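Commentary on secondary and tertiary structure
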Amino acid sequence: MVVPAPNLPRRVRIHEVGARDGLQNEKTAVPTEVKAEFVRRLAGAGLTTIEATSFVHPKWVPQLADAEQLFPLVSDLPGVALPVLVPNRRGLDRALALGARRIAVFASATESFAKANLNRTLDESLAVFEPVVRHAKDEGVHVRGYVSMCFGDPWEGAVPLTQVARVCTALRDMGCDELSLGDTIGVATPGHVRALLSLLDGEGVPVDAIGVHFHDTYGQALANTLAALESGVSTVDASAGGLGGCPYARSATGNLATEDLVWMLHGLGIETGVDLGRLTATSVWMAEQLGRPSPSRTVRALGKPTQPHEDQ
């Protein structure tokens, strides 16, 4: 039953991260063709922004070592934007050589995570990104800036809002078209989300250039998403089937499941362009490829259960 609520966006763009963020932690290599089919099925379900892969060095994220092989298999999907993650100028050059037109850089709001994820201080990592963003913009490429640990850090604890704002404004000033605020370990609550968005608004970061990326460690991802929508955000990151986490952060559990997000948005009368039935079928299929059930509550409610193993 659709029951709209006041002061919410009419339409939300879902930034689907299942094929990249969702799969990067998998210990067993997922075949390139399976990844490509996953992207194609996500597109078939109506998702128009699908983060395809990462051009990081294979040593750091072995699961995404096939970026050069994967991207050409999906790059011709009509009407679908395929952002890719690039860690440095070398990664950007690899992506541009394959025709990528949307890239993302991955920054941190804390020193500890910058060291763990990028092996640099926070300021050193921003200095690395500056020429990458500049060159991408010179090439006419759309640039997204991820900011991890916006709401809490497993090493440092609470993260001052002003510290997050400093990183966000630095990325904006470099030329990033869009920022994604990451609750990497899932500790945010709605008031915290509203406070950060209010501060960023005061710093001149337009809300229409902000996306939110919530993890569901404490079951707060949907509540936090609703708080962001009430603050004017209309871009939400999610992962089909709730796949994913973060290989460099203790306590990082799965992303907000795209199906759970779509169920809530459609119930609020918010347009997404997503066919929930086809999306659920896609996540059931992907769960079968990975050999385990999806953690998404909506997939469990709507999808056909996978066959249990004999020892279950």
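Up top is the structure these notes are about.
What follows deals with the sheet that holds strand S1 (residues 13–16). Paired through their backbone hydrogen bonds, the strands of a sheet run either parallel or antiparallel. With respect to topology, nine strands assemble into an open sheet ordered S2-S1-S9-S8-S7-S6-S5-S4-S3, the strand pairing being parallel. Looking at strand neighbours, the two that pair on one side only are strand S2 (49–50) and strand S3 (53–54), the edges of this open sheet. Here two bridges tie S1 to S2, and the two strands are oriented parallel to one another. Residue pairing across strands places Glu 16 opposite Ile 50, the latter belonging to S2. The sheet strands contacting helix H6 (residues 122–138) are strand S5 (102–108) and strand S6 (142–148), and the helix crosses S5 at an angle near 170°.

Two residues of an α-helix separated by three or four positions point the same way, owing to the 3.6 residues in each turn. With 13 residues, helix H2 (residues 32–44) ought to run about 18 Å at 1.5 Å a step, and its terminal C-alpha atoms sit 18 Å apart, in line with that. Those residues of H2 lying buried are Val 34, Lys 35, Ala 36, Phe 38, Val 39, Leu 42 and Ala 43. The inward-facing, buried residues of H2 abut S1, helix H1 (18–22), S2, helix H3 (67–74) and helix H11 (276–290). Once H2 finishes, Gly 46 follows within two positions and takes phi at roughly 105°, a positive value.

Moving on, we get to the packing of helix H10 (residues 258–267) against H11. Look at H10 against H11: their axes get within 10 Å of each other, and the N-to-C directions meet at 165°. In this view, H10 runs roughly antiparallel relative to H11, as classed from their interaxial angle. The crossing of H10 and H11 is left-handed. Contacts between H10 and H11 involve Thr 258, Glu 259, Val 262 and Trp 263 from the former and Leu 276, Leu 279, Thr 280 and Ser 283 from the latter. Looking at side-chain class alone, the contact of H10 with H11 contains four nonpolar, three polar and one charged residues.

Turning our attention to the packing of aromatic side chains. Following the criterion strictly, the structure yields three aromatic pairs and no others. Taking the centre distance of 5.5 Å and the plane angle of 35° together, the rings of Phe 106 and Tyr 146 count as tilted. Of the two residues, Phe 106 sits in strand S5 while Tyr 146 sits in strand S6, which places them 40 residues apart along the sequence. Side by side, Phe 106 and Tyr 146 carry an identical accessibility label, which is buried. Ring centres 6.1 Å apart and planes at 45° place the aromatic pair Phe 151 and Phe 214 in the tilted group.

Thresholds, definitions, all that
- Residues numbered from 1 in each chain as written.
- Predicted model: local features only at pLDDT ≥ 70, side-chain atom pairs only at ≥ 80, totals over all residues.
- Heavy atoms only, no water.
- Pairing = 2+ DSSP bridges.
- Helix = DSSP H or I, 4+ residues; strand = E, 2+ residues; numbered from the N terminus.
- Contact = heavy atoms within 4.5 Å.
- Axes fitted to C-alpha atoms, helices over the stretch in contact; angles between N-to-C directions.
- Expected span 1.5 Å × (residues − 1).
- Buried < 20%, exposed > 50% of the residue type's maximum accessible area, 1.4 Å probe, protein only.
- Parallel < 35°, antiparallel > 145°, perpendicular 65-115°, else oblique.
- Left-handed = near helix turned anticlockwise from the far one by under 90°.
- Nonpolar A, V, L, I, M, F, W, Y, C, P; charged D, E, K, R; others polar.
- Phe/Tyr/Trp six-rings, centres within 6.5 Å; stacked < 30°, edge-to-face > 60°.

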